[in-house]
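Residue-level structural notes
Listed below are the residues making up each chain.
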Amino acid sequence: DDDIFSSAFCENSEKLINVHLFALAAKYCSLSNLGVCTPLEDVLEALKGDSEGATAIKPDEFMNNKKSHEVQVMSELVDSIAKYCGIKQVIDIGSGKGYLSSFLSMQYNLKVYGIDSSSSNTNGAHERNRKLKKHWRAYQSRGTENLKSQSLEKANDRPMESEIKCKTVNEELLNNKSSNSLQNQDQVIIQDLVPSCGFTEMATPAAKTETETDLVTGTQSRETRLSEEVLAILNVLPADAVEDFSSSPYNRGELCEEEKVQRKMTSLKTKARKSNESNLYFPLTSCITAETELNDIITDLEDCMMVGLHTCGDLAANTLRIFTAKPEIKAVCSVGCCYHLLSEQFENQEECHDQVWGFPMCQYLKDKGWCCGRNARMSACLALERVAVGQMLPTESLFYRAVLQVIIEETYGVTKSDRHVGKTFSKSSSFIDYVRRSLKKLELDDSKLPDSCIMDYYEKYKHRMNELEAFNMLKVVLAPCIEVLILLDRLCYLKEQENIAWSGLVKLFDPVKSPRCYAVIALKNQSC
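An unreviewed UniProt entry lists the chain under the name MET25 protein, from Daphoenositta chrysoptera.

In structure tokens, the structure reads:
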């Protein structure tokens, strides 16, 4: 295969001569083709335990479609890992505005600490947290109604069975109402609630053919079952769905056992709801490095897992290093991004023994002295899948930036700068406006460059715009190959650790919606 793919380039000039072969070679080296990824479905199946379904809350009600897709998929996986490891605390590294953190807490009742280096992000997370608390009851009630309606549809599949059971219960209660009217009233209300939630089998009565002795004997066992059933029902009903008996004309005597259980559970459920509302999650501001001591940031640190949704640059690598070094962290789920911001050990050939680098991480690539370079890492950030479905590259803005580079090199003699142009294209009305805005950002004197000179550069290179587009398309094709190198480096680093029980790469997201879609996941040995 290597010999075949090498013929894509000319032996003498080393220029690309076979684009089709080049594209096939790139596809061959992509993650989807190498077979090293573990399917998400297999991971969820392996982690699955005796877990109860949570009330469905749709995250797209308070975030955009892309973020909603990411948060919903990743939070389900994080919850499965947390349950498998028996932990309730989650640390969200690079939490930003807290989208993932707040949803993990609301939907899955996890205690989440969101840590971000930007105080503005943390302040934004606090404000968003406040708004979510305000609307939490509405989200929760809506989710509960969805669950009830789904259960009702299932119950309607067996209408005759439900009608027979309800009729039998009502007849039995009418025949025995003189013996204990309050208890019978409670059972009627419970029976009214149960069918509406699809739990018709819960309160199945004794048949009318039972003798009086059988009925008396069965009463105690039914009371016990009913207490348990009330707990189950309250798990899917909002707290105010259970009727308040204090104003009931039947509430004149001593409280029955079922009502005591109902009142107690209603009270506990209300307290739990208020507790959840006041503690959705805890946004913290701190800069995370490989040497960070989490105990200095989180005072009640316990066994937990660490997560990161699109952690930028070195933060993704440092997340894995902290995970392997801290015994309290039992699992990690990290989705990185911004590969161009990674620091590279062998990029500048400088000896910095104390420096912790973002790439390479594994010993194998360190021994090889492997280097990608900034241009390759920039290419790794491109989105092949989006281009494949017609979301083309922003050719004009790329052309503007390329011509600008020629201008600053020829006019100002600048080949490298610590400053960045940023997203200037979207704010510019013309190429002249773009150049002047960019020069000011780079702190270069634009007065020495008249408009006519700027347009001369534009006209000189305009005919090469198609050439630039073709070049960038080749970069897009090559992007998955560079990304796979970075991701496999992180996976190999985890494989080298002795305290890791399992580690793998998992494709979490739809790459069209979210191009950085691969998660690095690892679980420690139980003894660690």
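1. A closer look at the pattern of salt bridges
The tally for this structure, following the rule as stated, stands at 15 salt bridges. Glu467 is paired through a salt bridge with Arg464; the nearest N and O atoms lie 2.8 Å apart. Look at Glu467 and you get partly exposed, because its relative accessible area is 46%. One salt bridge in this structure joins Glu483 and Arg516, with 3.0 Å as the shortest N-O distance. In this pair, Glu483 sits in helix 20 (residues 465-495) while Arg516 sits in the loop between strand 6 (500-507) and strand 7 (518-524), placing the two residues 33 residues apart along the sequence. You'll find Glu483 and Arg516 in the same group, each marked buried. Beyond isolated ion pairs, a larger network of salt bridges with shared partners links Lys66, Lys67 and Glu70.

2. Side note on the packing of helix 4 (residues 40-47) against helix 5 (residues 65-85)
Taken N-terminus to C-terminus, the directions of helix 4 and helix 5 make an angle of 30°; their axes are 9 Å apart at the nearest point. Accordingly, the angle class assigned to the pair helix 4 and helix 5 is roughly parallel. Between helix 4 and helix 5 lies a crossing whose hand is left-handed. Contact residues: helix 4 offers Leu40, Val43, Leu44, Ala46 and Leu47, while helix 5 offers Val73, Glu76, Leu77, Ser80, Ile81 and Tyr84.

3. A short note on the nonpolar core
Counting residues in each nonpolar core, the largest one holds 70 residues, and the members touching the most others are Met74, Leu77, Ile91, Met305 and Leu508. If we ignore the near neighbours within four places in the chain, the residues touching Leu508 are Leu40, Val73, Met74, Leu77, Val335, Cys517 and Ala519. Val421, Ile432, Leu439 and Leu468 belong to the second largest nonpolar core, which has 21 residues in total.

4. With respect to the sheet that holds strand 2 (residues 111-116)
Taken together, the seven strands give an open sheet; going across it, the order is 3-2-1-4-5-7-6, and neighbouring strands pair in mixed fashion. One side of each edge strand has no neighbouring strand; the edge strands of this open sheet are strand 3 (282-285) and strand 6. Adjacent strand axes in the sheet meet at a mean angle of 15°, parallel and antiparallel pairs treated alike. Bridging between strand 2 and strand 3 involves four bridges; their strand directions are parallel. If you follow Asp116 over to strand 3, its bridge partner there is Thr285. Against the sheet, helix 20 makes contact with strand 5 (329-337), strand 6 and strand 7, and its axis sits at roughly 165° relative to strand 6, the strand it touches most.

What counts, and at which threshold
- Residues numbered from 1 in each chain as written.
- Predicted model: local features only at pLDDT ≥ 70, side-chain atom pairs only at ≥ 80, totals over all residues.
- Heavy atoms only, no water.
- Salt bridge = Lys/Arg side-chain N within 4 Å of Asp/Glu carboxyl O.
- Buried < 20%, exposed > 50% of the residue type's maximum accessible area, 1.4 Å probe, protein only.
- Helix = DSSP H or I, 4+ residues; strand = E, 2+ residues; numbered from the N terminus.
- Axes fitted to C-alpha atoms, helices over the stretch in contact; angles between N-to-C directions.
- Parallel < 35°, antiparallel > 145°, perpendicular 65-115°, else oblique.
- Left-handed = near helix turned anticlockwise from the far one by under 90°.
- Contact = heavy atoms within 4.5 Å.
- Core = buried A, V, L, I, M, F, W, Y, C linked by side-chain atoms within 4.5 Å.
- Pairing = 2+ DSSP bridges.

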